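Structural overview for review
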Amino acid sequence: MCLRRLLQSAQLQRAWRAVFVKHGQGRHQGAWRWTHSGGGTYKAVIFDMGGVLIPSPGRVAAEWEVQNHIPSGTILKALISGGENGPWMKFMRAEITTEDFLQEFGRLCSEISKTSVPLDSFFSLLTSERVAKPFPVMTEAITQIRAKGLQTAVLSNNFYLPNGKSFLPLDRKQFDVVVESCLEGVCKPDARMYKLCLERLGRQPSESIFLDDLGPNLKAAASLGIHIIKVHDPETAVKELETLLGFPLRMAVPNTRPVRKTMEIPKDSLEKHLKDLLGTQATGPLELLQFDHGQSNPTYYIRLAKHQLVLRKKPPGTLLPSAHAIEREFSFLCSGRIMKALANAGVPVPKVLDLCEDPRVIGTPFYLMEYCPGLIYKDPSLPGLEPSQRRAIYTAMNRVLCKIHSVDLKAAGLEDYGKHGDYVARQVQTWIKQYRASETSTIPPMERLIEWLPLHLPRQQQTTVVHGDFRLDNVLFHPETAKVLAVLDWELSTLGDPLADVAHSCLAHYLPSSFPVQPGLSDSDLSELGIPTAEEYFRMYCLHMGIRPTENWNFYMAFSFFRIAAILQGVYKRSLTGHASSATGEQTGKLTEFTSNLAWDFAVKEGFRVFKEMPATKPLTRSQHTRARPQSLPRTPGMRSYVTSTDSSPAHISKGALVFSPEGLSAPVRELYQWLKQVMEPHVYPAEPELQHHQTSAEKWTPSPLLEDLKEKAKAEGLWNVFLPVETDPEKKYGAGLTNVEYAHLCEVMGTSLYAPEIFNCSAPDTGNVELLVRYGTEEQKARWLIPLLEGKARSCFAMTEPQVASSDATNIESSIQEEDGFYVINGHKWWISGILDPRCQLCVFMGKTDPHAPRHQQQSMLSVPMDTPGIKIIRPLTVYGLEDAPGGHGEVLFEQVCVPKENMVLGPGRGFEIAQGRLGPGRIHHCMWLIGYSERALALTKARAKSRMAFGKPLVEQGTVLADIAQSQVEIEQAQLLVLKAAHVMDVAGSKAAALDIAMIKMGAPPMAYRVTDRAIQAFGAAGPSSDYPLAQFFTRARALRFADGPDEVHRVAVAKMELKRCS
Ligand SMILES: Cc1cc2nc3c(=O)[nH]c(=O)nc-3n(C[C@H](O)[C@H](O)[C@H](O)COP(=O)(O)OP(=O)(O)OC[C@H]3O[C@@H](n4cnc5c(N)ncnc54)[C@H](O)[C@@H]3O)c2cc1C
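For clarity, every value in this text was computed on a predicted model and none was experimentally measured. (Residues numbered from 1 in each chain as written. Predicted model: local features only at pLDDT ≥ 70, side-chain atom pairs only at ≥ 80, totals over all residues. Heavy atoms only, no water.)

Some words on the overall build of the protein chain
If you tally the helices and strands in the protein chain, you get 37 helices and 29 strands. Every one of the 1065 residues in the protein chain was classed for burial, and the buried ones make up 57%. In the protein chain, of all internal contacts separated by at least 6 residues, the share reaching a separation of at least 24 is 72%. Surface summary for the protein chain: the accessible area is close to 44900 Å², and the carbon and sulfur share equals 54%. (Helix = DSSP H or I, 4+ residues; strand = E, 2+ residues; numbered from the N terminus. Buried < 20%, exposed > 50% of the residue type's maximum accessible area, 1.4 Å probe, protein only. Contact = heavy atoms within 4.5 Å. Areas by Shrake-Rupley, 256 points an atom, 1.4 Å probe, with all protein chains shown as cover.)

What follows is the structure, given as C-alpha cells:
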C-alpha cells in the first residue's frame, strides 16, 4: 500500500516539522513579517480601540441599560457630559482613581436617569473577557496588514483597572506602537495623542490611516493630515480599508506564513498551469503563502482571482530511495478514490482537483486541493475558548473519528486499501525496524518495549479505514462553530485497527504543556478547561461506536508513544548526520527518552491491569489437593487438630484449597505460575552472574541497574506484589489476592534464584513490613509507606535484634521509646538490620520498650521511623560468611535521640510483641518457601552435573553415594514442601495464629533441610561447588543464616514441643 510504505525520510521530516516548526508558530503567528513593504502610499494603520477593535462602551451600555431597566441613553449622556472636564475624560487621562470615577459617574448617571444606577455592574461587564473581545475581522485584517509589511498602532482612550493595569484587552504583539491615554495623561481628540503615535511609528500623517468610531476624534486626526475611516461596523470599515490599501484583508489565511526562502516555487509557470486548469477567467495576481503544516510535503495556499487552493508538493532536494512513494501517494490521492470514498461516506475531506507530475511546472510533482477556510487548533488546551466550546471541539473530533472508522469498506470499494488484520503487529515491527535503523545508543525503555510490545499484541477486533495520524491539529474546524470541515493529512491512512487511531489522538493528554513537539495537557486541569479526559474521550468513542471499551487500552497508548519515540529517534539521528538542525538535535534525543519512558509507563500499567484483574481464585477439584477442616471437629487427645479431607464445604472453598502441585492451581493462578516460570528462564537466571558481580563491584551499595530493569519487566508482566495473602487483603487493594497455598507455589519458583524475590517485589523485609502496615497501620501510615513500597520505589527494614541481649527472646529487647511533648524519642543499639544500607530504604519498623514496668509481653512497641530522621547512625555492614548482601546489607546501627511524631506508633503502645508474632508468621513461611526453591535448584543442578561428570570411568550419577544423596535430597525436599504447603493451608483456612504450630514446624524443618541439600549439592560439584560460578554457595550460606534469622532452630523446636505437649495434656 503506497501510503503505508511511506518513506522513512518523510516520517522523520514530519516529526522534524512538528518538533521545530510547529510549536513556535502555533501561538504567535503575528510575529512573522514579510520582508518587503506593500500597500502603496500608506505605511501605517492606526486603530482606536473601543468601537473599532472591541465593542464600543456606548453599545455595551445600551444593552446593559435594557437588561437593568435603566432609561436608555443614560450612560451615553454621562459619557459626554462635562466634555473635556467630565468624569469620563478625567478617568481616561488618569486624573481620578477608578473608585472616584465610579462614584462621580454613578452620581451623574443617577441624576440623568432619576434612578439609582448600579455602575459597578456596568463597569464589570465593560471590562469582562466576554465583552472586551477583539473583533475577529479586525484581528485578521491586522495580520494581513502586517504580513504586507505595514505598521500597525493602537491609539486608545482607556483607563486603569482596579488591579493597577491599564485596560487593553488586545494582543500587544500585533502592534508596533500602543498609545494609551491613561499612561500619557492626554486624550483624543487632543492632537498631542496623534503626534505621539506618529512620532513613535516614525511616520508622516499622510502615510497613515486612522480608524475610529467617534467623529471628534476623526476630525482631529484629519486636521493633522491623517487619512481617516469612520467605523460604523467593523466589516464595512475593513472593506473600506482594503480599498485604500489595495490588498485583501478579510481573508487572512490561518496557519500560513510567507513562503520560506528554501521552499519558494516558480510563480509564473505555476500561474500558467493554474490558468490552463481553471480556465481563462482565472486571471489576476497569484498570491502564495505557505502553511505551517507540511515541511515533509511542503503545503501552500494559493489565491488566484476567486479561486483558493492548496498545493502540496514533494520536498526539494535529494530524497532517500523510497521517496518516490510520494508520487504514489499523490497519484492515489489524486485518483480521488480514497477521498471520494470517504467523502461519500460522510467523512469531511478536502476535494482533490489535480495531480501534476510534470517537474517542469514547479520542479517536483504536486497536487492541488480546494481550500477550506477554517481553523486548526494547534494548542490542545484551546486557549481563548469557553469550557463548553472546548468540549464541543473534542466531541466533534471524536465523532469524526467514529465516522472514519464506520466507513463501510465494501460499499466504499476500499476493501483492498490495506491488509486485513494484524495491523498493530505489523506497525510494531515497522517501528522497531525504523528505530533500529536510527539507533544511536541503548535506551533501556525502548529495549524493554521492543521485547514487550510483540508479546502483548491485542487481538484486532475490527478492520476499518485508519487515518494513521489522527490528532487535533490534523482537523480543520469551522471558525465559529465546533464543526469539522475537513480531516487533513491522510498520508498514513490504510486499513487497520481503529483503536490505534483513538489512542494516537489522546497522546496530547499525557504530554506536558511545555513539550516541544506538541504542547500537551498533562499539567492542565481538564475539568476546569472543559476538555474530556483521555478515559472520557475513549468512552465517548466506544459509546458512539457501540463497542465495549477494550481492556488493553494501555497497550495502545504504549504503542503510540513507542512510535513517537521511534520517530523522534529518527529525527535525532538525522540531526547528527547533518540532515537536520543540530542545535535542536540534542533536545530531540532527550525527547526520545522521555516519550519512551511514557510508553513504558503504559506498558507497566497494562501489567498492573492484568494482575489486578486476575479473577479471585477458586479451588479445583483435583486429586492433588485436599481441604483442611481446622477447628470445628472434636479433638481426639494426642491427635493433630486438623484432618485432611476431600470434602469441599462452601466455607472451605471460599478460603482456599490445599493444592499440592501447580497443575492443581485454578486456571488464572496456574497461568500466572507458568508465566512466572517463563519469565525466569530467559530473564532472571541469565542475569545472575551480572547481578552477583554487581554485589562485589565498587557500585555494590547502589541498586543494580539490571535489577531495576528486570523489576520494570516484572511489573509490566503483572508479576508484581503477588505475596500479600487474600486473608490480609480481602479486597485485593494491594495485592493479587492469592491464598498462601497459591503463593507458596509461586514463591518456590522465585526461590530458585536469590535475586528473583526482589525482581518481583516479593522480598523480605518489605513483604513483612507491607503486611504489617496493611494489617495494623493507620490510614496515614498506609498512605505514606504502602504505595512506594508496593511500587518498588522504596525499600524498608525491620529493627529488632540487639547485640547486647539474646534477641531470640523478643521480650529481651532493650531499646527505649520514650514519649516527650507529643513525640517519641528512640535510643538503642541494633544489629543485623537487613536492608538498612540500601539507599532506597526509607522506612524502618523499629521495636523497642515503651514501658519497662508493664507485663512482659506488653513492654514492647513498634514505630514507623522514616530513615531520614536525624540520629540514625549506621556503624558498619555485617557479613554473612564473608558476604555483604549488598546493597541492602545487614547493618549495625545506633539510634540516638531519634525523634518521631506520636502518630508513627503502629497499633498502639505495648503491642509490639503482638505485631512481631503477626509479622513474623507470613515472613517465616515465605522464607521456607524460598528455601524449597533453593533446594530444588540445587538438586536440579546436581542431577545435571552428575549425569555429565565422569569419575573413575563412569558418570557420577552411577556412583552409589551420589545416587543416595540425590534420593535423600529429593525425599527431604518433598517432606519440607508438603509441610510448608500444609502450614500455608492452615493459615488460609484458620489464620496465622491457628497455624502457629505448623509455622514453627516448617521454620524448624526447612532451613536445616535446605542446608543439607545444598551441602550435598556442593559436594557433588567438587571444588566448583563452593565457588561463585554456581549459586550453590550462596544458597548454602542463606540456608545456614536462616537457621538464626527469624529465630534460631532451637527456639522453634522448643515451641513445637511445648505446643505438642500442651495438646496432649
Ligand atoms: C542473615 C541474618 C539476617 C537477619 N536480619 C534481621 C533483621 O532484619 N532484623 C532483625 O531484627 N534481626 C535480624 N537478624 C537477627 C536474628 O533474628 C537473630 O540473630 C535471632 O533472632 C537470634 O538472636 P541472637 O542473634 O541474639 O541470638 P541469641 O538470642 O543470643 O541466641 C544464641 C543461640 O542460643 C541458642 N538458643 C537461644 N534460645 C534458645 C532456646 N530457647 N533453647 C535452646 N537454645 C537456644 C541458639 O542456638 C541461638 O542460636 C538476622 C540474622 C541473620 C543471621
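Next, the rest of the story.
Quick word on unusual backbone geometry
Omega for the peptide link from Lys 188 to Pro 189 comes to 10°, which places this bond in the cis form. Turning to its location among the elements, Pro 189 is positioned in the loop between helix H8 (181-184) and helix H9 (191-201). A cis amide bond, omega 0°, links Ala 764 with the succeeding residue Pro 765. Mapped onto the fold, Pro 765 is located in the loop between helix H30 (756-759) and helix H31 (766-776). Its identity is not glycine, yet Asn 761 carries a phi of approximately 55°, on the positive side.

Some thoughts on the site of the ligand
Around the ligand, 20 residues are found, and the nearest of them are Phe 798, Thr 801, Ser 808, Trp 832 and Ser 834. Within the side chain of Ser 808, one N or O atom sits 2.4 Å away from an oxygen atom of the ligand. Among the elements that make up the shell around the ligand, the one with the highest residue count is strand S22 (residues 823-834) (three residues). Here the residues of the shell around the ligand are counted per class, giving 12 nonpolar, six polar and two charged. (Near = heavy atom within 4 Å. Polar contact = N/O pair within 3.5 Å; in protein donor to acceptor, adjacent residues only side chain to side chain. Nonpolar A, V, L, I, M, F, W, Y, C, P; charged D, E, K, R; others polar.)

Brief notes about the packing of aromatic side chains
Applying the stated criterion to the full structure yields 27 aromatic pairs. Note on Phe 123 and Phe 159: the rings are 5.5 Å apart at their centroids and 45° apart in plane angle, and the pair reads as tilted. One end of the pair, Phe 123, is in helix H6 (residues 119-126); the other, Phe 159, is in the loop between strand S2 (151-156) and strand S3 (177-180), and 36 residues separate them in sequence. The burial state of Phe 123 is the same as that of Phe 159; both residues are buried. Considering the side-chain rings of Trp 831 and Trp 832, the 6.3 Å spacing of their centres and the 65° angle between planes classify their relative orientation as edge-to-face. Overall, the relative accessible area of 25% leaves Trp 831 in the partly exposed class. The ring of Phe 247 has Lys 148 lying over it, and the distance from NZ or CZ to the ring centre is 5.6 Å. Geometry around Tyr 1011 places Arg 1040 over its ring, the cationic atom sitting 5.7 Å from the centre. (Phe/Tyr/Trp six-rings, centres within 6.5 Å; stacked < 30°, edge-to-face > 60°. Lys NZ or Arg CZ within 6 Å of the ring centre and 35° of its normal.)

Quick look at the pattern of salt bridges
Should the charged atoms of two oppositely charged side chains come close, the side chains can pair. Summed over the entire model, instances satisfying the criterion amount to 47 salt bridges. As a salt-bridge pair, Arg 200 and Glu 184 come within 3.2 Å of each other at their nearest N and O atoms. Taken together, the residues span a long stretch of sequence, with Arg 200 in helix H9 and Glu 184 in helix H8 at a distance of 16 residues. With a shortest N-O distance of 3.4 Å, Arg 856 and Asp 809 are connected by a salt bridge. Here Arg 856, found in the loop between strand S23 (841-849) and strand S24 (860-866), pairs with Asp 809, found in the loop between strand S20 (795-799) and strand S21 (816-820); they are 47 residues apart in sequence, far enough to count as distant. With a relative accessible area of 28%, Asp 809 lands in the partly exposed category. Among the charged side chains, a salt-bridge network with shared partners connects Glu 708, Lys 711, Glu 758, Asp 766, Arg 795, Asp 838 and Arg 840. (Salt bridge = Lys/Arg side-chain N within 4 Å of Asp/Glu carboxyl O.)

Some points on the sheet that holds strand S4 (residues 208-212)
Spatially, five strands are ordered S3-S2-S1-S4-S5 in an open sheet, and the strand pairing comes out parallel. Only two strands of the sheet have a single neighbouring strand rather than two, namely S3 and strand S5 (227-230). Mean inter-strand twist for the sheet, computed between neighbouring axes without regard to direction, equals 20°. Taken together, the four bridges between S4 and S5 define a ladder with parallel strand orientation. Bridging from a neighbouring strand, Phe 210 pairs with Ile 228 of S5. (Pairing = 2+ DSSP bridges. Axes fitted to C-alpha atoms, helices over the stretch in contact; angles between N-to-C directions.)

Structural notes on the side chain of Lys 1003
Looking at the element boundaries, Lys 1003 is found in helix H35 (residues 996-1020). One polar contact links the side chain of Lys 1003 to the main-chain carbonyl oxygen of Ala 1045, over a distance of 3.1 Å. Ignoring sequence-local partners within four residues, the contact set of Lys 1003 consists of Arg 924, Cys 928, Leu 1042, Ala 1045, Asp 1046, Gly 1047, Asp 1049 and His 1052.

Quick notes on the confidence of the model for the protein chain
Summary statistics for the protein chain give a mean pLDDT of 85 and a share of 87% for residues scoring 70 or more. A low-confidence stretch, residues 1-39 stays under pLDDT 50, and its non-local contacts, those more than four residues away or across chains, total 121 contacts. Predicted confidence for residues 579-583 stays below pLDDT 50, and this span has seven contacts to residues more than four positions away or in other chains. (pLDDT = per-residue confidence, 0-100.)

Some words on the side chain of Gln 695
Turning to its location among the elements, Gln 695 is positioned in the loop between helix H27 (688-694) and helix H28 (705-716). Sequence-distant contacts of Gln 695, that is, excluding residues within four places in its chain, are made with Lys 700, Tyr 755, Asp 885, Ala 886 and Gln 1034.

Overview of the sheet that holds strand S11 (residues 366-370)
With antiparallel pairing, the six strands of this open sheet are ordered in space as S6-S7-S8-S9-S11-S10. Looking at strand neighbours, the two that pair on one side only are strand S6 (256-257) and strand S10 (352-356), the edges of this open sheet. Pairing of S6 with strand S7 (residues 287-291), which is carried by two bridges, proceeds in the antiparallel orientation. Considered in S7, the bridge of Arg 257 is made with Gln 290. Taken strand by strand, helix H12 (residues 267-278) contacts S7, strand S8 (299-304), strand S9 (307-313), S10 and S11, and its axis lies near 65° from that of S8.

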